[in-house]
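Examination of the molecular architecture
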Amino acid sequence: MRALIVDDERLARAELARLLAAHPDIEIAGESRNGEEALEQIARLDPDLVFLDIQMPGMTGFDLLERLEDVPQVIFTTAYNQYALRAFEVNALDYLLKPIAPARLAQALSRVRPRPRGARLEQVFVRDGDRCWIVRVPDIFLLESEGNYTRLYFANEHPLIRRSLNALEAQLDPALFFRAGRKEILNLKWIEKVNLAVSGGLTVILRGGRTVEMSRRQSARLREVLSL
Amino acid sequence: MKSRYAYWLCQVLGWGSYALIGALFVTQHAPAARVAIGYGLYFLYSIALTHWLRGYVRRHGWLEKPDRLHHLPAYLAAWAVGFVQAGLVIAVDSLLSRGHSELWQPDVVGGAVFGISMVPLGWMAVYDAVTSGRRAKERELALRDAELRALELQINPHFLFNSLNSIRGLVIENPPLAQDLITRLANILRYNLHRDAGHTVPLDSELEAAADYLALESARYEERLRVHFAVAPETRAMAIPPMLVQTLVENAIKHGIAPLAEGGELHVGSAVEDGSLVLRVQNSGSLAPADAARAPLGLNNIRERLRILYGSRATLDLANREGRVTATVRIPQKI
């Protein structure tokens, strides 16, 4: 698997590279000194995994993630303590506290999987004030258009992402996500119940209780998709 | 010792003048010897009784709470002492007048006892006012001390762990530098953990600690951090609050140099200007508009400490000019 190391400190990068030498299955595809370099290298090298420092000049690790369309697997490396990090509520693959313990690195690497290469969106990064999330796309049960932004519903959260619903739809797996109307896309895996509305359209109830009303035209399409 | 002396002086002067005025009032109604002995004894046992009362009240801590309502038992005890005094006054006067004391008349005795018994209440009120004032001052001093302690910044954990991470890397890459940095880190930890109880230190030891700190940060930032010292020799022995230089330097790196991809210059200088010690920490970069309005935590902390220690005589200014941010601290030196 190919990894990119992003850290503004040369010694920190060198130290992590030395630690990774014990893991022959991880190939260091490159090293970036800041967010700008990382953006370019992620686009060019397409790594499976990014080791990402949070505090960097110019662009923080979070700023960087926000600018990525599709987010690779991320392991944060930081001198923050885990409590400070938890405050960000980022469900990264893992985080490593500096100085990094070799056993902790091995544990973190055991969760890394080769990244499927395709046009589909795997993960997105969303920030809402002080909180941010790396969201696995299959965990999103509803996407709702709000102008040029889209509200993502997952777990108990529903932050806004700075992308339009149409832009997102182009990258979603059509076998999983269904356009329910002008403003909504729902995740078929998360449908709990489908009711027939008085209007003749369908009302979908998602796991967690959210209901989505559908037009007659879209209802007919949903019937097709679900009966398949 | 000083307050003990003041206490006895107040006792003697207070009871002395009270007895003297009382004696002068009655001197035309009774023989001089009877007045002199009666009031003389009154003066002596009043001091003895109220001194005992003071010890009793102190043992019970009746005046120690800030809430005045809790002082009530002390006043009741004082009143009780007042009745003892009244008894003594009447007994002594009866003896001196061979049973013809005017105080022992049925229509007088009630008022006399009541009047005499009130005097120690006045004594207690004065004593309470004096000790409460002193306690309030002590509380204020303790609070000030605690505030200063809280503000004397402890080592930043982020810095500590980043340093350890740099050292871990250097152990393989550059063992002599790794050794040097471990020593410097030990110095910093010792300076933080084992500082004297005082609220000021000589500038020299601050500069040493800052040099250790900067050596560690230089290992981390490498060529991105370029440090220059310009210290006026006559300032080295001058007193400043501990961790002040390090807080300024830390701040300059965190908000000034760390955000610059290409790094920057850091100047640390000291001078004497108009009888004040002037410290300047200057870094490349510029204040974000938001930073100008809302000074970083470290700088607010310094301002607060300067205010507690020097009032309005010491200042911290932050100036932003030509791509450089300068923090200037002025501390008055006692002449």
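Numbers given to residues run from 1 along each chain, matching the order in which its sequence is written. For this description, chains carry letters from A and ligands carry numbers from 1, given in the order in which they are written. Only residues with pLDDT of at least 70 get local features here, since the model is predicted, and only at 80 or more are side-chain atom pairs given and counted; chain-wide, interface and lining totals rely on the full set of residues.

Starting at the N terminus, helices and strands are each numbered in turn, a helix being any DSSP run of H or I of at least four residues and a strand any DSSP run of E of at least two. Looking only at helices and strands, one finds 10 helices and 7 strands in chain B. The burial tally for chain B puts 29% of its 335 residues in the buried class. In this description, any two residues whose backbone-derived C-beta atoms lie within 7 Å of each other are considered to be in contact. Across chain B, the fraction of contacts at a sequence separation of at least 24, relative to all contacts at a separation of at least 6, is 73%. The exposure label follows from counting other C-beta atoms within 10 Å of a residue's C-beta, where the C-beta atoms are placed from the backbone and the thresholds are 20 or more for buried and 12 or fewer for exposed, leaving partly exposed in between.

In this section: the overall build of chain A. Counting its secondary structure elements, chain A contains 7 helices and 15 strands. Considering only intrachain contacts with a sequence separation of at least 6, the fraction spanning at least 24 residues in chain A is 50%.

Next up on the list: the pairing of strand E9 (residues 149-153) of chain A. The side chains of a regular strand alternate between the sheet's two faces. Residue and element names in this part refer to chain A. For two strands to be treated as a pair, DSSP must find no fewer than two bridges joining them. Bridge count for strand E8 (residues 142-146) against E9 is 5 bridges, and the pairing is antiparallel. Bridging across to E9, Leu 142 finds its partner in Tyr 153. Between E8 and E9, which follow one another and run antiparallel, lie 2 residues, and Gly 147 among them has a positive phi close to 65 degrees. Relative to strand E10 (residues 160-161), E9 runs antiparallel, the two being bridged by 2 bridges. Note on E10: the bridge partner recorded for Arg 151 is Leu 160. Counting the residues between successive antiparallel strands, the hairpin from E9 to E10 contains 6 residues, one of them, Ala 155, with a positive phi of roughly 45 degrees.

A few words now on unusual backbone geometry. The omega torsion of the bond from Lys98(A) to Pro99(A) falls at -5 degrees, within 30 degrees of zero and hence cis. Examined against the element boundaries, Pro99(A) turns out to sit in the loop between strand E5 (94-97) and helix H5 (102-109). We note that Arg98(B) has phi near 50 degrees; this positive angle belongs to a residue other than glycine. On the secondary structure map, Arg98(B) appears in the loop between helix H3 (72-96) and helix H4 (106-151). With 7 C-beta atoms packed within 10 Å, Arg98(B) lands in the exposed category. The phi torsion at Glu322(B) lies on the positive side, around 45 degrees, for a residue other than glycine. With respect to the helices and strands, the residue Glu322(B) is situated in the loop between strand E6 (315-321) and strand E7 (324-332).

Take H4(B) next. Taking 1.5 Å per residue as the helical rise, H4(B) with its 46 residues ought to reach 68 Å, and the 68 Å between its terminal C-alpha atoms agrees with that figure. Check the buried side of H4(B) and you find it contacts helix H2 (32-60) and H3 of chain B. By this rule the span expected of a helix is its residue count minus one, scaled by 1.5 Å.

Contacts between the two partners involve 19 residues from chain B and, on the opposite side, 15 residues from chain A. Those elements giving two or more residues to the side of chain B that touches chain A turn out to be helix H5 (157-173) and helix H7 (203-221) of chain B. In terms of residue count, H5(B) provides more of the side of chain B that touches chain A than any other element does, 12 residues in total. Tallied by class, residues from the side of chain B that touches chain A come to 10 nonpolar, 5 polar and 4 charged. Gly is put with the polar residues, along with every residue not named as nonpolar or charged; the nonpolar set is Ala, Val, Leu, Ile, Met, Phe, Trp, Tyr, Cys and Pro, and the charged set is Asp, Glu, Lys and Arg.

For the rest of this paragraph, the subject is the environment of Ile75(A). Residues and elements named next belong to chain A. Residue placement: Ile 75 occurs in strand E4 (residues 73-78). Accessibility expressed as a C-beta count within 10 Å gives 21 for Ile 75, which makes it buried. In this structure, the C-alpha to C-alpha distance between Ile 75 and Val 112, residues 37 residues apart in sequence, is 9.4 Å.

In this section: the sheet that holds strand E14 (residues 202-206) of chain A. Whenever strands of a sheet pair, they do so through backbone hydrogen bonds, lying parallel or antiparallel. All names here are of chain A. The antiparallel open sheet is built from 3 strands, whose spatial order is E13-E14-E15. Of all strands in the sheet, those bounded by a partner on one side alone are strand E13 (191-196) and strand E15 (211-213). When strand polarity is set aside, the average angle formed by the axes of neighbouring strands in this sheet is 20 degrees. Judged from the 3 bridges that link them, E14 and E15 form a sheet pairing that is antiparallel. If you follow Ile 205 over to E15, its bridge partner there is Thr 211. Axis definition: a line fitted to C-alpha atoms, over the contacting stretch in the case of helices. Angles run 0 to 180 degrees between N-to-C directions.

Residues and elements named next belong to chain A. What the 5 strands build is an open sheet, ordered E2-E1-E3-E4-E5; its pairing is parallel. What marks the edges here is a single partner per strand, and that holds for strand E2 (27-32) and E5. Pairwise comparison of adjacent strand axes, ignoring direction, gives a mean angle of 20 degrees for this sheet. Where E4 and E5 come together, 4 bridges link them in parallel fashion. Pairing of Thr 77 across the sheet is with Leu 96, part of E5.

What follows concerns the packing of helix H8 (residues 244-257) of chain B against helix H10 (residues 297-310) of chain B. Residues and elements named next belong to chain B. Direction vectors running N to C along H8 and H10 enclose 155 degrees, while the axes themselves pass 9 Å from each other. Our classification of the angle between H8 and H10 gives roughly antiparallel. Once H8 is placed against H10, the crossing between them reads as left-handed. Across the interface between the two elements, Leu 244, Thr 247, Glu 250 and Asn 251 from H8 touch Gly 298, Leu 299, Asn 301 and Ile 302 from H10. Small angles under 35 degrees read as roughly parallel and large ones over 145 as roughly antiparallel, with 65 to 115 read as roughly perpendicular and the rest as oblique. Rotating anticlockwise by less than a right angle from the far helix to the near helix defines a left-handed crossing, while the corresponding clockwise rotation defines a right-handed one.

Turning next to the packing of H7(B) against H8(B). Residue and element names in this part refer to chain B. Put simply, H7 and H8 touch, their axes get as near as 8 Å, and they point 25 degrees apart. Compared by their axis directions, H7 and H8 come out roughly parallel. Considering only the axes of H7 and H8, their crossing is right-handed. Contact residues: H7 offers Glu 206, Leu 207, Ala 209, Ala 210, Tyr 213, Leu 214 and Glu 217, while H8 offers Leu 244, Val 245, Gln 246, Val 249 and Ile 253.

With 12 residues, helix H7 (residues 216-227) of chain A should cover 16 Å at 1.5 Å per step; its first-to-last C-alpha distance of 16 Å lies within 8% of that length. For H7(A), the secondary structure elements touched by its buried residues are strand E11 (177-179) and E14 of chain A.

Turning to the confidence of the model for chain B, a few remarks are in order. pLDDT is a per-residue confidence score from the predictor, ranging from 0 to 100. Scored by pLDDT, chain B has a mean of 88; 95% of the residues are at 70 or more. On the interface metric, ipTM, the complex scores 0.74, and its pTM is 0.67.

This part is about the environment of Phe25(B). Within the secondary structure layout, Phe25(B) lies in helix H1 (residues 2-26). Measuring from C-alpha to C-alpha, the distance between Phe25(B) and Val35(B) comes to 9.9 Å, with 10 residues separating the pair along the chain.

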